[in-house]
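What follows is each chain in one-letter form.
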Amino acid sequence: MKPPAKAVLAGAVLLSPLALVLGLVILFVAAVANGAAGHEEETRGAAPGPPAAVPAGISGIGPVVLDAYVRAAAAMTTLRPKCKGMRWSVVAGIGRVESNHAAGRDVAASGAVTPRIYGVRLNGSGAGGNTSVHSDTDRGALDGDTVYDRAVGPMQFIPSTWNGPSGQDGNGDGSKDPHNIYDAAQATAAYLCGTGTSDLGNDAQLRKAVLRYNQSGTYADEVIGHVHAYDRLGTTGAGGTGSGGKAFHDGAAGWPTSVRNPRSTAAAIAWARQEAAGGAANWYRACLAFVARTYGWSYSGVQYAIDHYWQMPASMRHDRDRTPPPGALMYWDTGQRAGHVALYLGGGKIASNDIRRKGYIDVVDATDIETVWGATYLGWAPPHFPRAG
């Protein structure tokens, strides 16, 4: 599907990403019991080490934001020497879910994000998913609210957490500002590392760290999915065009025996071509629904295309492989929450919604998703819909 519109920001104050909907314990529990989370105050203004090689432009991440992620990860070799496996993609995974990398904001070279990003008022009203009352702890200094707290900044720290053990000075200007991406990114990296021994290259330990950040399994799944996607980009050829728009070629046909659908592969391809030839505008931002329908299902059972890919068994995912068999499902990270999936028809062609006409299906070159939308190719998988109906 063409990704949904970015989260609507109300004026200069309100952000409501999935992270706020999922639990809104965010960083509060660890602020109250920071010993359990393994965090302590760091020396103010600690200079980060030299950044690792910066990936060559990631779709959906501004250059200053990406630089902040890279520098934050590099700083952990000094600030959290017992923490292994910290890398820019881990920080980016959090930033992707919390604020879509400060989407819709201006990010200055210093890292200042304007207008500021504020979460919903944590008054227990249920708005934005908040069910616990978080009374004001900062007299409105960080969140502009003198009655209740709000999560703040591109990484959505609660003021009590930021003003406790977690605030960082990532750009060395002598202040700790959650509305500065360098400060916020470094705080995120330090928070995930903790002060004990850890290896975030291990998925089980990474998940444990992410759950400290927000105690929601769904949140952790989403963050780690983005981390894996960013990991696969490497440090070259990682711009919006993925593999540079290189052509796709047909791979060997055949699916695992566990892949069962109401329609055969040949019938699914024929149905998709028929829809492209004369179908109505039924598929606006509905890419996953479309590919499920091609195989005879009424619904896929998964909300977002990118989740459908990462929920596939690892043996079925063919990351960045450009030789899908006809009938395969092809996936892209568009820089938005939903991602995109299309049906591979063979001969380098796909059936995709929204690529030429909003809501319609068209047969186009598979490389168009990269070259037209600036998306990053993730890989292909067989038409496996275990939750469909």
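Sequence positions are assigned chain by chain, starting from 1 and proceeding in written order. In keeping with the predicted nature of the model, local features appear solely for residues at pLDDT of at least 70, side-chain atom pairs appear and are counted solely at 80 or more, and the whole-chain, interface and lining totals rest on all residues. Only heavy atoms go into the side-chain values, all of them from the structure, while hydrogens and water stay out.

1. Concerning the overall build of the chain
Move 1: Strands here mean DSSP runs of E at least two residues long; helices mean DSSP runs of H or I at least four residues long; both are numbered from the N terminus. Along its length, the chain carries 13 helices and ten strands.
Move 2: Accessibility here uses a 1.4 Å probe with only protein chains present; expressed as a share of the type maximum, an area under 20% marks a residue as buried, one over 50% as exposed, and anything in between as partly exposed. The proportion of buried residues among the 389 residues of the chain is 55%.
Move 3: We call two residues in contact whenever any of their non-hydrogen atoms come within 4.5 Å of each other. Restricting the contact set of the chain to residue pairs at least 6 apart, pairs at least 24 apart contribute 69%.
Move 4: Values of accessible area rely on a 1.4 Å probe in the Shrake-Rupley scheme; residue burial ignores everything except the protein chains shown. On the chain, roughly 14900 Å² of surface is accessible, and the fraction owed to carbon and sulfur atoms is 52%.

2. Points about empty space enclosed by the protein
Move 1: Only protein atoms enter the 1 Å grid, on which a cavity is a set of points fitting a 1.4 Å probe that cannot get out and a pocket is an open set with protein on both sides within 12 Å along at least 5 of 7 lines, lining residues being those with an atom within 4 Å of a point. Grid points are joined across faces, edges and corners, and a volume is the space filled by probe spheres set on the points. For the structure shown, the criterion picks out three cavities of 30 Å³ or more.
Move 2: Its boundaries defined by the atoms lining it, the largest cavity holds a volume of some 70 Å³.
Move 3: Taken together, Ile 58, Ser 59, Ala 229, Tyr 230, Leu 233, Asp 333, Thr 334, Gly 335, Thr 376 and Leu 378 make up the lining of the largest cavity.
Move 4: Where the lining of the largest cavity is concerned, the elements lending two or more residues are helix H9 (217-231) and strand S10 (376-381).

3. Some thoughts on unusual backbone geometry
Move 1: Cis peptide bonds are those with omega within 30 degrees of zero, and the linkage from Thr 114 to Pro 115 qualifies with -15 degrees.
Move 2: Its place among the elements puts Pro 115 in the loop between strand S3 (113-114) and helix H6 (159-166).
Move 3: For His 101, which is not glycine, the phi torsion reads 60 degrees and is therefore positive.
Move 4: By the secondary structure assignment, His 101 is in the loop between helix H5 (88-99) and strand S2 (106-107).

4. Section: the sheet that holds strand S8 (residues 349-353)
Move 1: With antiparallel pairing, the six strands of this open sheet are ordered in space as S5-S10-S6-S7-S8-S9. The sheet terminates laterally at strand S5 (318-319) and strand S9 (361-365), the two strands that pair on one side only.
Move 2: Relative to strand S7 (residues 340-346), strand S6 (residues 329-333) is paired through four bridges, and the arrangement is antiparallel. By the bridge assignment for S7, Trp 332 is matched with His 340. Only when DSSP finds a minimum of two bridges between them are two strands counted as paired.

5. Notes on the confidence of the model for the chain
Move 1: For every residue, the pLDDT score states the predictor's confidence, bounded by 0 at the bottom and 100 at the top. In this model, the chain carries an average pLDDT of 82, and 81% of its residues clear a pLDDT of 70 or more.
Move 2: Taken as a whole, residues 1-13 scores under 50 in pLDDT and shows 46 contacts with residues more than four places along the chain or in a different chain.
Move 3: Confidence drops under pLDDT 50 across residues 15-54; counting only partners more than four residues distant or on other chains, this segment forms 114 contacts.

6. Let's talk about H6
Move 1: Burial runs high along H6: six of the eight residues are buried.
Move 2: Of all the positions in H6, only Pro 159, Ser 160, Thr 161, Trp 162, Pro 165 and Ser 166 are classed as buried.

7. Some words on the pairing of S8
Move 1: Taken across its five residues, S8 has four buried, putting it largely inside the fold.
Move 2: Bridge analysis of S7 against S8 gives three bridges, and the strand direction is antiparallel. What sits directly across from Tyr 344, in S8, is Ile 350.
Move 3: Taken together, S7 and the strand that follows it, S8, pair antiparallel across an intervening segment of two residues, in which Gly 347 is found at a positive phi of about 65 degrees.
Move 4: Relative to S9, S8 runs antiparallel, the two sharing five bridges. Looking at the pairing, Asn 353 lines up with Ile 361 of S9.

8. Here's the deal with the side chain of Arg 150
Move 1: By the element assignment, Arg 150 lies in the loop between S3 and H6.
Move 2: Judged by its relative accessible area of 18%, Arg 150 falls in the buried class.
Move 3: Within polar-contact distance, the side chain of Arg 150 engages the backbone oxygen of Gly 119 at 3.0 Å. Here a polar contact means two N or O atoms within 3.5 Å. Within protein one must be a hydrogen donor candidate and the other an acceptor candidate, and residues neighboring in sequence count only if both atoms are side-chain atoms.

9. Side note on the packing of helix H4 (residues 63-79) against H5
Move 1: In this analysis, axes come from line fits to C-alpha atoms, helices being fitted only over the stretch in contact, and the angle between any two N-to-C directions falls in the range 0 to 180 degrees. For the pair H4 and H5, interaxial distance at closest approach is 8 Å and the crossing angle is 130 degrees. Our classification of the angle between H4 and H5 gives oblique. Every pair of crossing elements has a handedness; the one defined by H4 and H5 is right-handed. Contacts between H4 and H5 involve Leu 66, Tyr 69, Val 70 and Ala 73 from the former and Trp 88, Val 91, Ala 92 and Gly 95 from the latter.
Move 2: Residue classes in the contact of H4 with H5 are distributed as seven nonpolar, one polar and no charged. The scheme is simple: roughly parallel for angles under 35 degrees, roughly antiparallel for over 145, roughly perpendicular for 65 to 115, oblique for anything else. Whether a crossing is left-handed or right-handed is set by the direction in which the near helix is turned from the far one by less than a right angle, anticlockwise for left-handed and clockwise for right-handed. Each residue receives one of three labels: charged for Asp, Glu, Lys and Arg, nonpolar for Ala, Val, Leu, Ile, Met, Phe, Trp, Tyr, Cys and Pro, and polar for the others, Gly being one of them.

10. What to know about the nonpolar core
Nonpolar side chains tend to gather and get buried jointly when the protein is soluble and globular.
Move 1: Working definition of a nonpolar core: buried Ala, Val, Leu, Ile, Met, Phe, Trp, Tyr and Cys residues. They are joined through side-chain atoms within 4.5 Å. Tyr 69 and Met 86 are the most contacted members of the largest nonpolar core, which has 50 residues in total.
Move 2: Among the secondary structure elements, those contributing two or more residues to this core are H4, H5, helix H7 (181-193), helix H8 (203-213) and H9.
Move 3: At eleven residues, H4 tops the list of elements feeding residues into this core.
Move 4: With near-sequence residues (within four places) excluded, Tyr 69 lies in contact with Ile 61, Trp 88, Val 91, Ala 92, Gly 95, His 101, Met 155, Ile 181 and Ala 185.
Move 5: With 34 residues, the next largest nonpolar core counts Ala 292, Ala 305, Trp 310 and Met 312 among its residues.

11. Section: the pattern of salt bridges
Move 1: Any Lys or Arg side-chain nitrogen located within 4 Å of an Asp or Glu carboxyl oxygen qualifies as a salt bridge. All told, the structure shown has ten salt bridges when counted by the stated rule.
Move 2: As a salt-bridge pair, Lys 349 and Asp 365 come within 2.6 Å of each other at their nearest N and O atoms. Within this pair, whereas Lys 349 is found in strand S8, its partner Asp 365 is found in strand S9, the two being separated by 16 residues in sequence.
Move 3: Relative accessible area serves as the criterion here: at 33%, Asp 365 is assigned to the partly exposed category.
Move 4: Among the salt bridges present, the one from Asp 362 reaches Arg 357, with a minimum N-O distance of 3.1 Å.
Move 5: Judged by its relative accessible area of 33%, Arg 357 is partly exposed.

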